[in-house]
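Tertiary structure, described
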Amino acid sequence: MSAYRIGAAAARAGVSSANIRYYEKENLLQPHGRSANSYRFYSDEDIHRLRFIRLCRAMDMSLPEVRTLLGIDPASADHQACTTLDAHLQHVHERLAELQALAQELQALRARCDGHAAHCHVIEALHARAEAEGVLAPRPPAAPRHV
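Residues numbered from 1 in each chain as written. Predicted model: local features only at pLDDT ≥ 70, side-chain atom pairs only at ≥ 80, totals over all residues. Heavy atoms only, no water.

This next bit is on helix α1 (residues 6-13). Taken together, the buried positions of α1 are occupied by Ile6, Ala9, Ala10 and Ala13. In a view along the axis of α1, the buried residues occupy a sector of 100°, so they form one face of it. (Buried < 20%, exposed > 50% of the residue type's maximum accessible area, 1.4 Å probe, protein only. Helix = DSSP H or I, 4+ residues; strand = E, 2+ residues; numbered from the N terminus. Arc of directions from axis to C-beta.)

Once that is clear, we can look at the packing of α1 against helix α2 (residues 17-25). Contact geometry of α1 with α2 gives a least axis separation of 8 Å together with a crossing angle of 100°. Judged by the inter-axis angle, α1 sits roughly perpendicular to α2. Residues Ile6, Gly7, Ala9 and Ala10 of α1 form the contact with α2, whose own contacting residues are Ser17, Ile20 and Arg21. Along the lines of polarity and charge, the residues of the contact of α1 with α2 split into 4 nonpolar, 2 polar and 1 charged. (Axes fitted to C-alpha atoms, helices over the stretch in contact; angles between N-to-C directions. Parallel < 35°, antiparallel > 145°, perpendicular 65-115°, else oblique. Contact = heavy atoms within 4.5 Å. Nonpolar A, V, L, I, M, F, W, Y, C, P; charged D, E, K, R; others polar.)

At their nearest, the axes of helix α5 (residues 80-110) and helix α6 (residues 121-133) sit 9 Å apart, and the two run at 120° to each other. Between α5 and α6, the interaxial angle falls into the category oblique. In this structure, α5 contributes Glu105, Leu109 and Arg110 to the contact, and α6 contributes Val122, Ala125, Leu126 and Arg129. For the contact of α5 with α6, the residue count by class is 4 nonpolar, no polar and 3 charged.

Here the focus is a nonpolar patch on the surface. The grouping of Leu89, Val92 and Leu96 at the surface amounts to a nonpolar patch, some 230 Å² of accessible area in total. With respect to the helices and strands, Leu96 occurs in helix α5. Residue class for Leu96 comes out partly exposed when judged on its relative accessible area of 43%. (Patch = residues over 30% accessible without salt bridge, like charges linked within 9 Å, V, L, I, M, F, W, Y side chains within 5 Å. Areas by Shrake-Rupley, 256 points an atom, 1.4 Å probe, with all protein chains shown as cover. Salt bridge = Lys/Arg side-chain N within 4 Å of Asp/Glu carboxyl O.)

Our next topic: unusual backbone geometry. With phi around 60°, Asn27 is a residue other than glycine that occupies positive phi space. Within the secondary structure, Asn27 sits in the loop between α2 and β1 (33-34). Despite not being glycine, Asp60 shows a phi value in the positive range, around 65°. Summarising the element assignment, Asp60 is placed in the loop between α3 (44-58) and α4 (63-70).

Next up, the structure:
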């Protein structure tokens, strides 16, 4: 059985050592063991787990979603993974709608300046919008972001 120190494990898994420490802190990964001088050691199974985490995070999955998927036994998997992916897909659709609205807002703002005037009308529009908003009432705490 192979045993890798954190730097080698990070290189093999395609993540940083800091990511590995973070995943340990979040209980997504436990080092395979420690040497007498307290170096962490990681197995090939740990490397696979890190790659799995990296893949899920690249698909913008939250840590709870990754944790759920890691907890599913592939040999006896029910459709919990589908449920998790369906929920994640819903978050992605919501985020896409938010980004499309933002893109429209930015395009409208950009249309305020044709690049030929003596000064930038975009800056004027931003200042006018900031002034129009004035003092806003405190917002209730936002729902936690998905990721």
